[in-house]
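# A closer look at the structure
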Amino acid sequence: MTIETAHDPASTTARAVERLRLAEARLARRRQTECGPSENARAAMRLILERADAGARITPTEIAQSLAISTASVTGMLDRLHAGGLISFEANPADRRSKFVMPLDRDADPDAVDPVTARIREFALDLPTDTAGQLVQFLDRVREVVDAECR
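Residues numbered from 1 in each chain as written. Predicted model: local features only at pLDDT ≥ 70, side-chain atom pairs only at ≥ 80, totals over all residues. Heavy atoms only, no water.

Naming follows an unreviewed UniProt entry, where the protein appears as MarR family transcriptional regulator of Microbacterium galbum.

This part covers a nonpolar patch on the surface. Taken together, the side chains of Leu127, Leu135, Phe138 and Leu139 define a hydrophobic patch exposed on the protein surface, amounting to about 300 Å² of accessible area. Here Leu135 is to be found in helix H7 (residues 129–148). (Patch = residues over 30% accessible without salt bridge, like charges linked within 9 Å, V, L, I, M, F, W, Y side chains within 5 Å. Areas by Shrake-Rupley, 256 points an atom, 1.4 Å probe, with all protein chains shown as cover. Salt bridge = Lys/Arg side-chain N within 4 Å of Asp/Glu carboxyl O. Helix = DSSP H or I, 4+ residues; strand = E, 2+ residues; numbered from the N terminus.)

Looking now at the packing of aromatic side chains. One pass over the full model with this rule turns up zero aromatic pairs. For the cation-ring pair, Lys99 lies above Phe89, with the distance from its terminal atom to the ring centre recorded as 4.1 Å. (Phe/Tyr/Trp six-rings, centres within 6.5 Å; stacked < 30°, edge-to-face > 60°. Lys NZ or Arg CZ within 6 Å of the ring centre and 35° of its normal.)

Under the counting rule described, the total for this entry stands at nine salt bridges. For Arg51, the salt bridge identified is with Glu62, shortest N-O distance 3.5 Å. Taken together, the residues span a long stretch of sequence, with Arg51 in helix H2 (residues 39–53) and Glu62 in helix H3 (residues 60–67) at a distance of eleven residues. When its relative accessible area of 30% is taken as the criterion, Glu62 is described as partly exposed. The salt bridge partner of Asp95 is Arg97, with a shortest N-O separation of 3.4 Å. The exposure class of Arg97 is exposed, given its relative accessible area of 78%. Among the charged side chains, a network of salt bridges with common partners joins Glu39, Arg42 and Arg46. (Buried < 20%, exposed > 50% of the residue type's maximum accessible area, 1.4 Å probe, protein only.)

Structure representation (structure tokens):
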């Protein structure tokens, strides 16, 4: 077994990722109480916009399944997004009990849904192409570990 040193690249990287995870957790708590839509609401808007961009539709049930939250939580969240003028509903012709969720303003900038993502995109423009690819692979592997935890 080896002892990690303060300057070991793996340790330095792991500590940087941990600082990022802690900062995201703090941001999520602040957003729940202080500034705008919840993390789930932003994730739902991203899903709705992605589906619309792909020419597809999404139902509240699909949103609930994708976000791993209850349909009751999604209903309240969608009501708030609708009241805020961000989404509309369209009847599902194949199922009278179901509806589709549609973005109200398709000209809206997806980065406006999450300004942090817009800033990160700005920083990413400065990365060399080969570095960006390596970073994407690394972060995808980190995400897989996080997603697999407590399952």
